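Listed below are the residues making up each chain.
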Amino acid sequence: MKYSKATNYALHLMLYLVAAAPDKPVGVQSLAEHQGVSPTYLSKILTKLVKAGLIESASGANGGYRLKRNKEEISFLDIIHAIEGTTSLFDCSLDHPRECPIQQEMVRAEQQMEQYLRNKKISELAGKITAV
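Our subject in this report is the structure included herewith. This is a predicted model, so every value here is computed, not measured.

Considering the pattern of salt bridges
Then comes step 1: If you walk through the whole model with that rule in mind, you get four salt bridges.
Then comes step 2: Note that E56 and R66 form a salt bridge whose closest N and O atoms lie 3.0 Å from each other. With a gap of 10 residues between them, E56 in strand β1 (residues 55-58) and R66 in strand β2 (residues 64-67) connect regions that are remote in the sequence.
Then comes step 3: A salt bridge links K120 to E124, with the shortest nitrogen-to-oxygen separation between them at 3.0 Å.

Given below as structure tokens:
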């Protein structure tokens with residue numbers, strides 16, 4: 001499965017927030033420097049994560065972004081859906097009946113993958129990273 005660059009940044013961003021500062025707001029400039037991406041591009045990703053209810057923004061001199069949900073509850077699938085949406089990754093584009101056996105197998109595979117990603121919490125990786 002291939003996912004977008006934005007999803008890749010979002011997963012790494014969330015891991016950083018979980019590991020480094022789950023309760024302390026981190027500024028967009030600092031986050032952008034850590035990710036090696038422009039603050040403008042990262043702001044678009046942050047907006048999607050805010051809309052999904054995963055993080056929140058705090059304004060003011062010490063403002064920035066911090067986790068909104070409990071870090072132990074945030075799954076990989078939550079982050080992926082925040083960026084990619086919830087549409088199926090596997091869709092048979094051929095014009096034939098819905099009972100397509102290949103489509104049915106792909107849907108089953110997708111359901112298993114989503115279940116795995118739903119159960120995999122981003123906080124499980126926080127202890128595995130060495131430098132944040």
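Text resumes after the structure shown.
Thoughts on the side chain of S75
Then comes step 1: On the secondary structure map, S75 appears in the loop between β2 and α4 (76-84).
Then comes step 2: By relative accessible area, S75 is classed as buried at 2%.

What about the nonpolar core?
Then comes step 1: M14, L31, L42, I45, L49, I55 and I79 are the most contacted members of the largest nonpolar core, which has 32 residues in total.
Then comes step 2: At the level of secondary structure, the elements contributing two or more residues to this core comprise α1 (5-20), α2 (28-35), α3 (39-51), β2 and α4.
Then comes step 3: The element best represented in this core is α1, accounting for 10 residues.
Then comes step 4: When near neighbours in sequence (up to four residues on either side) are disregarded, I79 contacts A10, L11, M14, L49, L54, I74 and I122.

Topic: the packing of α3 against α4
If you want to describe how two helices pack, look at the angle between their axes and the distance between the axes.
Then comes step 1: Where α3 meets α4, the axes come as close as 9 Å, and the angle between the chain directions of the two elements is 115 degrees. Our pair here, α3 against α4, has a crossing hand that is right-handed. Where α3 abuts α4, its residues I45, K48 and L49 lie against I79, A82 and I83.
Then comes step 2: Considered class by class, the residues forming the contact of α3 with α4 number five nonpolar, no polar and one charged.

Thresholds, definitions, all that
- Residues numbered from 1 in each chain as written.
- Predicted model: local features only at pLDDT ≥ 70, side-chain atom pairs only at ≥ 80, totals over all residues.
- Heavy atoms only, no water.
- Salt bridge = Lys/Arg side-chain N within 4 Å of Asp/Glu carboxyl O.
- Helix = DSSP H or I, 4+ residues; strand = E, 2+ residues; numbered from the N terminus.
- Buried < 20%, exposed > 50% of the residue type's maximum accessible area, 1.4 Å probe, protein only.
- Core = buried A, V, L, I, M, F, W, Y, C linked by side-chain atoms within 4.5 Å.
- Contact = heavy atoms within 4.5 Å.
- Axes fitted to C-alpha atoms, helices over the stretch in contact; angles between N-to-C directions.
- Left-handed = near helix turned anticlockwise from the far one by under 90°.
- Nonpolar A, V, L, I, M, F, W, Y, C, P; charged D, E, K, R; others polar.

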